[in-house]
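# Coordinates in review
Here is how the chains run, residue by residue.
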Amino acid sequence: MDKIVVTGNGPLNGQIPISGAKNTCLKLMTAALLSDEPLTLTNVPRLSDIKTLGALLESLGCEVALLNGGNVMALSAGTITSRKAEYDMVRKLRASFNVLGPILTREGEATVSLPGGCAIGARKVDLHLMALEKLGATLTLEEGYVHAKAPEGGLIGAVIEFPFVTVGGTENAITAATLANGTTVIKNAAREPDTVDLCKCLSAMGAKIDGAGTSTITIEGVDRLHGATHEVIADRIELGTFMIAPAIAGGEVELLGGRRDLVEAFCGKLEATGVQIEETDKSLIVRHDGSRLKPVDVETEPFPGFPTDLQAQMMAALCFADGVSVLHETIFENRFMHAPELIRMGAQVDVQGGHATVTGVEAMKGAQVMATDLRASVSLILAGLKAEGETVVGRVYHLDRGYERIEEKLGAVGAKIERMPE
Ligand code: UD1
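The model shown is predicted, which means the values in this text are computed figures rather than measured ones.

## Notes on the pairing of strand E13 (residues 216-220)
Residues Ile217 and Ile219 line the buried face of E13, whereas the alternating positions Thr216, Thr218 and Glu220 sit on a face that is not buried. The pairing of strand E11 (residues 183-187) with E13 spans 5 bridges and is antiparallel. Note that in E13 the partner of Ile186 across the bridge is Ile217. As judged from the 3 bridges shared by strand E12 (residues 208-210) and E13, these two strands associate in the antiparallel manner. Within the sheet, the bridge partner assigned to Lys208 lies in E13 and is Glu220. In textbook terms, the turn of a hairpin is the stretch between consecutive antiparallel strands, and for E12 and E13 this stretch comprises 5 residues, one of which, Gly211, has a positive phi near 90°.

What follows is the structure, encoded as structure tokens:
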């Protein structure tokens, strides 16, 4: 397996193109199961998670073809040949659980493995199941699988109220409701750009959806959905990640395809540390003179709040700040695994439950580090941009799940970063 070696190397300058959003693309792929006509996705990121879900969709009978060097994906689920998503597939990728809504609503039944635990917490699916039950599904749990059966004649529109925001749960409910009989109203729905983009794609396929991007989404069921072509939205987490690079190393980096509205709360916090952000009609430009950042307190929240997926990267920046910052993780209970690794590089971080207190230091030193999830891994690379000497990040497969050609993108703006065999 490969490792990534980063050597602290001064300011970064240049442009980085932002890829299509991984988390969005995964949910868009599940939408292909709703129609017997082809769905074509453009601006698809070339990532291992995308291939993993592609393999699951193939196992259900959906044809999946990557075109144009992997940037375009043609999906065609003429016939669903299997209604069962196996454990071996689902355990690798939690988003796989979102095939449940589409298969159930189209086929009248579906069996999907429970995803199991993951490195950042329990990540339950009870609210996904609550939503499908509200739509009339009968659920049984057997040997680690959820078996869902729709009433004779299909799912029935209903009012679904989530007690707190769940992105995956909202999206499973939306896809299931598109082909249900009657109207579904989802209250306390996720407002994430990913969910909005999914609704946009479903609408292009003929779904009747109102209120995407607000807390109340209304879906009027239709008899069938048709084919469509849809461009995957820019990846706000990749955008935020690369915005932190010049905040740490100094310099001026233009993030092509970046939009401030995708990361508004994050931009506010980054600006509070002293970093400059300029929005153009095609990009965000981030400038920093390399002086020590100001400390800032951060609390993760559902969109439009500060994203949990940028908490680790923000911590990497705040490790170098001139003062004390507190990070409060409210979405996942076990999402500070990067802290012990940053500490090995000389950071001063104290984790107590969902809070991490970061006392900024003037300098950190490169070390051999590894992390157990995607965003934690990338935070170590970001810290390595300024740490003295070499930072060697192992378990690169985590990075390949979510960052397309990270060493090329950071290398192009002057970072000293290499992928090497371990
Ligand atoms: C979450 C993030 C999303 C991020 C994605 C990938 C939020 C609100 N969600 O989405 O922004 O892109 O991870 O890292 O920031 N929960 C339950 N029961 C359920 C479903 C969820 O208790 O049935 C809990 C989860 O354990 C978690 C919270 O609700 O504490 C939010 O989870 P959810 O939004 O569903 O997670 P993802 O869809 O994976």
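Now that the structure has been shown, we can carry on.
## Comments concerning the pattern of salt bridges
What the rule picks out here adds up to 27 salt bridges. Here Arg224 ties to Asp36 by a salt bridge, and the two come within 3.1 Å at their closest N and O atoms. You can see Arg224 sitting in the loop between E13 and strand E14 (228-231) and its partner Asp36 sitting in the loop between helix H1 (22-31) and strand E3 (39-42), a full 188 residues away along the chain. Here Arg260 ties to Glu264 by a salt bridge, and the two come within 3.1 Å at their closest N and O atoms. Relative accessible area serves as the criterion here: at 16%, Arg260 is assigned to the buried category. Judged by relative accessible area, which is 42%, Glu264 ranks as partly exposed.

## Thoughts on the sheet that holds strand E20 (residues 348-352)
Strand order in the open sheet made by the 4 strands is E18-E19-E21-E20, with mixed pairing throughout. The open sheet has two edge strands with one neighbour each: strand E18 (298-299) and E20. In terms of strand pairing, E20 meets strand E21 (residues 355-359) through 5 bridges, oriented antiparallel. Within E21, the position partnered with Asp350 by the bridge is Thr357.

## A look at the packing of aromatic side chains
Taken as a whole and assessed by the stated rule, the structure comprises 2 aromatic pairs. With 6.3 Å between their ring centres and 65° between their planes, Phe242 and Tyr403 make a pair best called edge-to-face. On the criterion of sequence distance, the pair formed by Phe242 in helix H8 (residues 236-249) and Tyr403 in the loop between helix H13 (397-402) and helix H14 (406-411) is long-range, its members being 161 residues apart. Of the two residues, Phe242 and Tyr403, neither departs from the other in class, the shared state being buried. Their ring planes at 55° and their centres at 5.8 Å tell us that Phe266 and Phe306 sit as a pair that is tilted. Of the two residues, Phe266 is situated in helix H9 (residues 264-272) and Phe306 in the loop between E18 and helix H10 (311-318); the sequence distance between them amounts to 40 residues. For the pair Phe266 and Phe306, a shared accessibility class is recorded, and that class is buried. For Lys84, the ring lying beneath its charged end belongs to Tyr145, and the centroid distance is 4.5 Å. The ring centre of Phe320 lies 5.8 Å from the NZ or CZ of Lys386, which sits over that ring.

Parameters and conventions
- Residues numbered from 1 in each chain as written.
- Predicted model: local features only at pLDDT ≥ 70, side-chain atom pairs only at ≥ 80, totals over all residues.
- Heavy atoms only, no water.
- Buried < 20%, exposed > 50% of the residue type's maximum accessible area, 1.4 Å probe, protein only.
- Helix = DSSP H or I, 4+ residues; strand = E, 2+ residues; numbered from the N terminus.
- Pairing = 2+ DSSP bridges.
- Salt bridge = Lys/Arg side-chain N within 4 Å of Asp/Glu carboxyl O.
- Phe/Tyr/Trp six-rings, centres within 6.5 Å; stacked < 30°, edge-to-face > 60°.
- Lys NZ or Arg CZ within 6 Å of the ring centre and 35° of its normal.

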